[in-house]
Structures are given as structure tokens and as C-alpha cells.
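What the coordinates show
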Amino acid sequence: MDNILRIDMGAPGGPKATMEPVGAYAGLGGRGLTSVLVSKEVDPLCHPLSAANKLVMSPGLLTGTAATTSGRISVGCKSPLTGGIKESNAGGQAGQVMARLGYAAVILEGKPLNDDLHVILINKDGVHFSVDNSLRMLGNYATVDKLRVQYGEKVAYMTIGQAGEMKLGAASIACTDRELHPTRHCGRGGPGAVMGAKGVKAIILDEAGTTLRAAKDPVAFKAAGKVFADGIKKHAVSGQALPAYGTNVLTNILNEAGGYPTNNFKTGQFAGASKISGEAQAALEVKRGGSATHGCHRGCIIQCSGIFNDEHGNYVTKQPEYETVWSHGGHCGIDDLDVIARLDRLDDDFGLDTIETGVAIGVAMEGGLLPFGDGAGAIRVLEEVGKGTPLGRIIGSGAGIVGKCFGVERVPVVKNQALPAYDPRAVKGIGVTYATSTMGADHTAGYAIATNILKVGGFVDPLKTEGQVDLSRNLQIATAAVDATGMCLFIAFPVLDQPETFQSLVDLLNAFYGLSLTGDSVVALGKTILSAERDFNTRAGFTAVDDRLPRFFEQEPVAPHQVTFEIKGEELDKLYNW
Amino acid sequence: MELTVKLFATFRDGRFEKAQLDYPPGTTLANIVDALRIPRDEIGVMLVMGRHAELEHTPAPGDTVAIFPRIGGG
Ligand code: SF4
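Residues numbered from 1 in each chain as written. Chains lettered and ligands numbered in written order. Predicted model: local features only at pLDDT ≥ 70, side-chain atom pairs only at ≥ 80, totals over all residues. Heavy atoms only, no water.

**Remarks on the interface of chain A and chain B**
Listed as interface residues are 31 residues of chain A and, on the opposing side, 22 residues of chain B. Of all residues in chain A, Ile253(A), Glu256(A) and Lys455(A) bury the most surface against chain B, accounting for 28% of the area lost on that side. Connecting chain A to chain B are 3 salt bridges. Among the salt bridges present, the one from Glu256(A) reaches Lys6(B), with a minimum N-O distance of 2.8 Å. One can count 9 residue pairs in polar contact (both at pLDDT 80 or more) joining chain A with chain B. Looking at the side of chain A that touches chain B, the elements with two or more residues in it are α7 (236-245), α8 (250-256) and α19 (492-497) of chain A. Among the elements that line the side of chain A that touches chain B, the one with the most residues is α7(A), at 5 residues. Residue composition of the side of chain A that touches chain B, by class: 18 nonpolar, 7 polar and 6 charged. (Contact = heavy atoms within 4.5 Å. Buried area = accessible area lost by both parts, 1.4 Å probe. Salt bridge = Lys/Arg side-chain N within 4 Å of Asp/Glu carboxyl O. Polar contact = N/O pair within 3.5 Å; in protein donor to acceptor, adjacent residues only side chain to side chain. Helix = DSSP H or I, 4+ residues; strand = E, 2+ residues; numbered from the N terminus. Nonpolar A, V, L, I, M, F, W, Y, C, P; charged D, E, K, R; others polar.)

Quick look at the structure:
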């Protein structure tokens, strides 16, 4: 990963690629590279859809190596949804191939001169551009089906669906999995809209003729890799629960703990929760000949995903994960896994963030467009996005816009990005993360659920205010660093609990790059990333008032615990205190 | 005293999802998990009426007790 590939989509005479050495960005990868680069090179006051924005795609520091579960790709830009900096990462095969091709980053810049749809092929010989307007307004599934006839099965596809072409705020970038299903999305914050604005429908990454990236010290790398993999395997969460039930195993525990947002955050428990729980979902998948254990990319040994078939045994979608099941399920009062799987399939096909879209539909329910619990209605409304109707464009623009269009007061967004599947009143640590993350409301940015609910990495009582800011800060710093490595965030469960697994991750980096990092250097890396992001947002005009939850969380107590979010603004403002 | 006991994930195997069970007064969570032959070191989280509780906790009559193995997601 010694090179950066810059593609100027606005060059006279058509797109132009230039290769340059990684230079000042050496030692960075994933979110580290995207955020530092966006913060340095993108005008924070630019319009996110303008020529001045850049779409930066970067594999993690360990992506494309033999290290297990390390295949993430980060995408960064100025977000069309939040107006702040954005990093969104996904699994699938793209990250590994981009890394093996030697790119620390591929960057789309400029703005095309006309509205042609471009396809970009990147292989060991270089970059090839073509125009394919026959792909216009095709979903991700049809797009990949069409492209695979020409480019084959042994490549990774990054594509946008209708939502990206329409440049909507919830538009994602799809990455194909091992079966070439476009199911792994850089979803949050609208990166698909930026790809659409650059006139790019698909990026095809071909690994033919490449090899695994080689470590500086192969012996130490292999040894550290073994300790790391053993640590993942022996931890109960990454070794047993995630492979068996997937992330949706969380439905029951959040519901029991009274932190499961139901009917657009009206209450903290959902009567239909057990019907859509991970236990029910895994049993149904197995019964229908799908699978409850599946890896989104080569080399994942956790395999939290699965395959969801319909009642006739035909593939519908990958196993919808917890946040997706929640956003289309409890949040909308829907307790039918088949409806939820159908909605997930449509999100993936149109290229929409499942959290933003499900929350948007729930807000539309609150606004009277359709009743809570109306599964058939939810499918109908979502199908409007694929058709590009005015209603579809509103839904695809995210929960904030839907709230405005339907006159709703209770709109669960921070920095205009929808809250995920944990009520911040009943799980206060995650509320701190939602409020203060540079990304807008984002659970992954500092996953306090681990410590507030799951008792991983210690325990901080979710219903108390004490200790939540410190918890969220530490998690946000650690997460930023993990997001730079290309490791799937689910390695955090063993890493938080088992010191030797944490050490083996540091050893992997050291052996690969010939470095002598310590735990402190990891913390320093996390802070560097967050500081770059925070600096961008400040220059984009964000202030302390943007680091707050919507007022209703402070005013409306949520059942069953009858609690509000009462962590003071002054406390939240101490998050970035370094 | 009567309690509602709910089990999740692998703890359901060979046991139950939800049951109303009768216990002598003063029964602790430790007594409950031992009686169910749930190895204590496999327990991730116990919630009594939606609040985290430890093995020495004594539920009140009518309480709901939820017992989870170590799980995670996100
Ligand atoms: S644990 Fe899940 S999300 Fe992470 S890499 Fe594996 S399959 Fe993908």
C-alpha cells in the first residue's frame, strides 16, 4: 500500500488517473487515512456534492494481509447528510483487493462535465474508464448482475444504486461479499450520494496477479496472528455468540433492559421483540436452508452474518443485522422477520443506509403517512425510492428531512443523522457517544453498550450518569484506532476483555510495518484521528449545540424505567478534553 | 415466592425460554442459576426487572429475572 490513486472525474476530455506515493499519509490506513486526508484537503465549507468534495476509499493498515478478520474498507468525505466529516466502513471483498493492488487510498475528485455514468476498473495493470449509461437507475443487484457478465466472478464490486444516483442523504456504497451479493455497505452519512455526484456507478477491483501483502517480519507476524486468532476464538462473544446468532442476539437483551426504542422512541420495550430476536432469526434461517453463520469477507473467523431465505428456500438477503432488524422492526412496530428481510433487501438494492432508512420510515409513521406496524405499507413506501418518486426521494433523504416534511417533533437525529438501536435515556453511555461523535449519532463510534449492557470491558450502570463521559471518550479513542487497522470492530470484544489479545493486535502492526508501537501509541493514533475530524467539523461551522441530543430525550421519560437523558451539556463538552 | 424466569441464547438449550417458578423466600440469583444447572462462569448478564443484578441479589416476589450467557453485537 505504497501508492495513492487520484481520479479526477472532471478532467477535460474525461476522467484522468494519477498515481502518487503515499507521502505525508504514510503510516495511516482506513479511517486514519480518510479522516486526516479529508480534514487536510477538503474545504469544510464546500457543498458535499460539489467538485471540491473528495471521496476517499482506504483499506485498513492490516487489510490484504494474512491477519484474520481484517478486511474492512473505509470511505471518507464531507457528508451530504450531516455536513460534517464522514467515515463509513464496510466488510465485503473490496478492501482486501484494493490493498493487494497496492493502494493506500483511491480518491475520486472533481465533478464530471456531463451526466454520463462511469465504470472504473482497477487491476494490476492500472485504471480503465468506461461509460455505461445502460446501468442508469438500476439497483445494486441488477448492476452487479450486468457487470459480472463482462468482468467476471473473481473481482470485487463497489456500486451505487438509485439512491446514490439521485444523490440522496441516506445513499450508501455497496461492496460485494464472497458470493457477489451487494450486501456490505458503507452506509452512514450518504457517501453513495458523493459517488453519484462524481458520476461513478461502479468501481471494479480485480486482484488477478496480486498476492497477500508481506510483513516486514513474517515470523513475528505469524506468531502474533496466531495469538490474535486464538483470542477471538476463545472469547464467548466472538467465538460463540456472534457466529451462532449474529448481532441480532441483542434484541432480547436490549428489550429486557428497557433500552429498545419502540415506535419511534416512544417506549423502551417492544411486545414483538422475541419474534424478531436473533434466536428466532437463526432458527428460521437454518429451517429454510439458509445459514446462521457466514463471513462477509475471506478470512473472517467470527462470521457474524448469515443467509436469509424465503419460505420456499430462495435467497432474499444476507442475515439482517441487529440495527437493521430494529430500525425496520421495533422502531416501526413491525414484528415480522420476512417483512424486515424484504426491507433489508430493498435497502441493499437501492443503496440505502438501513439505519437511516428504517428510522425515516418510523418518523413518517409518526407523521401519519402510514400506521405503526404496517409492514406491507413500509415495503410500499420504500419501493418509492427505487422508482425515484418525490416521496421516495424524501424517504431516501433520511429521518431529519422526513421529520420536516411530515411535521414531526420527535425526530431522533444528531447532526441530522439518525440514532441507532439503543435508547440513550436507558443506556446513557451510548447517549454520550450519539451526542458527541464527529459522525453524528453513531453507535459504532464508541460502543458503550459493551460496558453499559453486556459487561464487556467492565461495567458502568446504564441508568446512572456517572462515568459515562469517560467511558464514551475511551471507547471513541480506541474505536478510531481500530477503524484505522481494517479490523472488524467485533474484535473489540476479545480485545477489551483479554490483555493478550490487545497486545497481539499491536504486535501484528509492529511485525507488519517494523514498528515498535505500544498501547500508548494506539491511544495517540485514536486521538489524532478524532482531533482531525473534530477540527474539520469546527471549520465546517459545528459548535457545542451540535453535540446535543434532541430535546425530547431530556423531557420525555421512557418506560419501563421512566428515565430521561440528564447528562449536562457541560459534561458532554468535556469529551474532547485532551 | 413466584418469579418469572427468562433464559436466552444457548441457556435455552435443554431448558426453557420463559417459566413461572416458585422459590422459597430469600432465594438469591445464585440459588436460581445453580438450580437450573447453569454454570456460573458462563453467565454474561442477569437482569432483574430490567436492572443489572449480581449473584447475591434477592429478587422480590413477582419479579422477572432474565439470564443471558455472554453475548455481544453492534
Ligand atoms: S464479524 Fe461479521 S461484520 Fe465482521 S468481518 Fe466477520 S462477517 Fe463481517
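On we go from here.
**What to know about helix α3 (residues 140-151) of chain A**
All names here are of chain A. Between its first and last C-alpha atoms α3 spans 15 Å; for 12 residues at 1.5 Å apiece the expected length is 16 Å, and the two agree. Where α3 is concerned, the buried positions are Asn140, Tyr141, Thr143, Val144, Leu147 and Tyr151. Seen end-on, α3 carries its buried residues on one side only, within an arc spanning 150°. Downstream of α3 by one or two residues, Gly152 has phi in the positive range, about 90°. (Expected span 1.5 Å × (residues − 1). Buried < 20%, exposed > 50% of the residue type's maximum accessible area, 1.4 Å probe, protein only. Arc of directions from axis to C-beta.)

**A closer look at the site of the ligand**
In the vicinity of the ligand, the residues found are Arg72(A), His294(A), Gly295(A), Cys296(A), His297(A), Cys300(A), Ile302(A), Gln303(A), Cys304(A), Cys488(A) and Phe490(A). Partitioned by chemical class, the residues of the shell around the ligand number 6 nonpolar, 4 polar and 1 charged. (Near = heavy atom within 4 Å.)

**Concerning the domain arrangement of chain A**
Residue and element names in this part refer to chain A. When the domains of chain A are assigned, the result is domain 1 (3-206) and domain 2 (260-423). Here domain 1 and domain 2 have C-alpha centroids that lie 25 Å from each other. Note on domain 1 versus domain 2: buried area summed over both sides is about 3000 Å², and carbon and sulfur give 48% of it. Three residues stand out in domain 1 for area buried against domain 2, namely Leu81, Tyr141 and Arg188, and they jointly supply 22% of the buried area on that side. Counting the contacts that link domain 1 with domain 2 gives 2 salt bridges. Between Glu356 and Arg188 there is a salt bridge whose closest N-O contact spans 3.4 Å. Counting every contact that joins domain 1 to domain 2 gives 26 residue pairs in polar contact (both at pLDDT 80 or more). Mapped by element, the contributors of at least two residues to the side of domain 1 that touches domain 2 are α2 (94-100), α3, α4 (162-165) and β11 (184-186). (Domains from an automatic or database assignment.)

**Digging into the packing of helix α1 (residues 30-41) of chain A against helix α18 (residues 468-485) of chain A**
All names here are of chain A. Two numbers describe how α1 lies on α18: the axes approach to 4 Å, and their chain directions differ by 100°. With respect to their mutual orientation, α1 and α18 come out roughly perpendicular. Seen from α1, the contacting residues are Gly30, Arg31 and Gly32; seen from α18, they are Thr479, Ala480, Asp483 and Ala484. Classifying every residue of the contact of α1 with α18 gives 2 nonpolar, 3 polar and 2 charged. (Axes fitted to C-alpha atoms, helices over the stretch in contact; angles between N-to-C directions. Parallel < 35°, antiparallel > 145°, perpendicular 65-115°, else oblique.)

**Let's talk about the packing of aromatic side chains**
Residue and element names in this part refer to chain A. By the definition in use, this model includes 13 aromatic pairs over all chains. An angle of 50° between the planes, with centres 6.4 Å apart, marks the rings of Tyr260 and Tyr322 as tilted. A residue pair is termed long-range when its members are at least 10 positions apart, and Tyr260 in the loop between α8 and α9 (278-287) and Tyr322 in helix α10 (residues 322-328) qualify at 62 residues. On the accessibility criterion, Tyr260 (0% relative accessible area) is buried. Between Phe265 and Trp326 the ring centres are 5.9 Å apart and the planes differ by 75°, which places this aromatic pair in the edge-to-face class. Remark: Trp326 occurs in helix α10 and Phe265 occurs in the loop between α8 and α9; sequence separation between them is 61 residues. Its relative accessible area of 0% is what places Phe265 among the buried residues. For Trp326, a relative accessible area of 0% corresponds to the buried category. Here the aromatic cluster, defined as three or more aromatic residues joined through ring pairs, consists of Tyr260, Phe270, Tyr322, Tyr422 and Tyr447. Cation over ring: Arg345 sits above Tyr141, and NZ or CZ is 3.6 Å from the ring centre. Just above the ring of Phe552 sits the side chain of Arg410; from NZ or CZ to the centre is 5.7 Å. (Phe/Tyr/Trp six-rings, centres within 6.5 Å; stacked < 30°, edge-to-face > 60°. Lys NZ or Arg CZ within 6 Å of the ring centre and 35° of its normal.)

**A word on the side chain of Gln93(A)**
Residue and element names in this part refer to chain A. Note that Gln93 resides in the loop between β5 (85-90) and α2. Look at Gln93 and you get buried, because its relative accessible area is 9%. Dropping the residues within four chain positions of it, Gln93 is found in contact with Ala156, Thr176, Asp177, Arg178, Cys296, His297 and Arg298.

**A few points about the sheet that holds strand β15 (residues 315-318) of chain A**
All names here are of chain A. With antiparallel pairing, 3 strands are arranged side by side in an open sheet as β13-β14-β15. Strand pairing shows two members of the sheet lacking a second neighbour, β13 (291-294) and β15, which therefore form its edges. Recorded for the sheet is a direction-independent mean angle of 30° between the axes of neighbouring strands. Strand direction decides the pairing type here: β13 and strand β14 (residues 305-309), joined by 2 bridges, are antiparallel. By the bridge assignment, His294 is partnered in β14 with Ser305. Along the sheet, helix α11 (residues 337-350) contacts β14 and β15; its crossing angle with β15, the most-contacted strand, is approximately 75°. (Pairing = 2+ DSSP bridges.)

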